[in-house]
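Geometric and topological summary
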Amino acid sequence: MKKLFFQGLTIVLFFLGTWFILAQIDWVKVFMIEEVTDKTEQELGSLFLEVFKQSETENRNPEVKALIDKMVSEICKANQIDKEKIKVHVFDKDEINAFALPDGHLVVYSDLIINSDNQEELAGVICHEIAHIQLNHVMKKLVKEIGLSVLISISTGGTGAEVTKQAAKTLSSSAFDRSLEKDADLAAVDYLVNAKVNPKPFADFLYKLSYNEDGIPSYLTWLETHPDSRERATYILEFSKGKSSDYKPIVSSQDWEKLKELLKEN
Amino acid sequence: MNNFKEFSYKPEDHECEGASNSYLMSLVAIIVGLPLPIVNLIASLIFYLSNRKSTYFIRWHCTQAFLAQFFTFFINSFGFWWTISVVFTEEPVTINFIAYLIAVAILNLIEFVFTIYTAIQTRKGIHVEWWFYGTLTNLICKP
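Residues numbered from 1 in each chain as written. Chains lettered and ligands numbered in written order. Predicted model: local features only at pLDDT ≥ 70, side-chain atom pairs only at ≥ 80, totals over all residues.

**What about the overall build of chain A?**
- If you tally the helices and strands in chain A, you get 14 helices and four strands.
- Here chain A holds 266 residues, and the buried ones make up 35% of them.
- Excluding contacts between residues fewer than 6 apart, the proportion of contacts in chain A whose partners are at least 24 apart in sequence is 71%. (Helix = DSSP H or I, 4+ residues; strand = E, 2+ residues; numbered from the N terminus. Buried ≥ 20, exposed ≤ 12 C-beta atoms within 10 Å, placed from the backbone. Contact = placed C-beta atoms within 7 Å.)

**A look at unusual backbone geometry**
- One non-glycine residue, Asn136 of chain A, lies in the positive phi region at around 60°.
- By the secondary structure assignment, Asn136 of chain A is in the loop between helix 6 (119-134) and helix 7 (137-145).
- The backbone of Phe132 of chain B shows a phi angle near 70°, a positive value even though the residue is not glycine.
- Inspection of the secondary structure puts Phe132 of chain B in the loop between strand 2 (128-130) and helix 5 (133-140).

**Concerning the interface of chain A and chain B**
- Counting residues at the interface gives 18 residues for chain A and 19 residues for chain B.
- When contributions to the side of chain A that touches chain B are tallied by element, the ones reaching two or more residues are helix 1 (2-22), helix 2 (27-30) and helix 7 of chain A.
- By residue number, the principal contributor to the side of chain A that touches chain B is helix 1 of chain A, which donates nine residues.
- Looking at the side of chain A that touches chain B residue by residue, the classes come out as 11 nonpolar, three polar and four charged. (Nonpolar A, V, L, I, M, F, W, Y, C, P; charged D, E, K, R; others polar.)

**Details of helix 4 (residues 62-78) of chain A**
All names here are of chain A.
- End to end, helix 4 covers 24 Å across 17 residues, agreeing with the expected 24 Å (1.5 Å per residue, within 8%).
- Residues Leu67, Ile68, Met71, Val72 and Ile75 constitute the buried set of helix 4. The arc enclosing the buried residues of helix 4, seen along the axis, measures out at 125°, which places them on a common side. In helix 4, the exposed residues that point more than 90 degrees away from the buried face are Pro62, Glu63, Ala66 and Lys77.
- Considering only its buried residues, helix 4 is in contact with strand 2 (87-92), strand 4 (105-109), helix 6, helix 10 (178-194) and helix 14 (253-265).
- Following helix 4 by one or two positions, Gln80 has its phi on the positive side, about 50°. (Expected span 1.5 Å × (residues − 1). Arc of directions from axis to C-beta.)

**Focus on the packing of helix 1 of chain A against helix 4 (residues 95-123) of chain B**
- Helix 4 of chain B packs onto helix 1 of chain A with a crossing angle of 135° between their chain directions and a minimal axis gap of 8 Å. Relative to helix 4 of chain B, helix 1 of chain A is oriented oblique. In terms of crossing hand, the pair formed by helix 1 of chain A and helix 4 of chain B is right-handed. Contacts from Phe15, Thr18, Trp19 and Leu22 of chain A in helix 1 of chain A reach Ala99, Tyr100, Ile102, Ala103, Ile106 and Leu107 of chain B in helix 4 of chain B.
- Grouping the amino acids of the contact of helix 1 of chain A with helix 4 of chain B by side-chain chemistry returns nine nonpolar, one polar and no charged. (Axes fitted to C-alpha atoms, helices over the stretch in contact; angles between N-to-C directions. Parallel < 35°, antiparallel > 145°, perpendicular 65-115°, else oblique. Left-handed = near helix turned anticlockwise from the far one by under 90°.)

In structure tokens, the structure reads:
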């Protein structure tokens, strides 16, 4: 029996030892898995953005870009996020929506900004989308809903334009998993607090949207893709309790009003 | 890790063939059921059960072949489901995952080579006891 135990143990140790020794080699680097993944994500980001650019109009007003960039830069700076990673695009569209695309592209529709009562509400939505980018939710969602093989095929031009369009629309018009949404909400609260932005208006924004939840107007896409707004607003408020109260606006109130005016002109 | 030992009696030619077949069976099962480890195990189990009433030499080698498959099954299954979760879920490709797959491949290759070798030896009537599996078989399989 002792001999059997010794021999069994030897085999187990041999296997575990082989595994341990092999794990000392950075196979991810050897097989260039990260580079291939990054390249796929970059390609997908550009292709999907192109889909939206073809069907919608990107706002090229330098003042709009500068103000939105200022907000995103402040949030990134306060949270040690590489600003270069987040590429914001404002599209003129009568739809209250914002969404993240692969490779850090963040799309904000003009009507979301126009319908935000204050800059904190917009900052909340932006932080929520940045959280999706930072937590790698975008690629996770795509892999889950479309499949890795199709994604690689899209990125290498192996599929038609319609497949690319459908894949891009998945990100703009369908929800993430409830757990991913909650992770993004809680991370967004942290980002807001670190950037000294009051998270309460973000919760108010969700409450405000939740009143329309029963009869969602077609333009309220962000609400359709982010259900259970009331529940989310509640836990956002709960999570914000006891956090810093030294809040200040990122852009001046004049600039905020100017931003809305500029977008209303289009 | 193989060990040549004198068997308790000299097997007849048909016994050598039966014993050798138990290893060939597991080889075929490995090739056919490569993506699904359970196929190898079921095939070896069926062969083992169908030879329960055979002579001691055949039974002994069927048991050793089955036990080898049985333990490899767990290691292969773990690798199989890990791979499935990498391909179809959000599970990332990590260093540990690739190292595990290579370790599993090495283990299976060693077992594959030993299986071919033992199949040839048993066909010649030479009794081969594997490290650990042979000892375990001696405890389970009695004349």
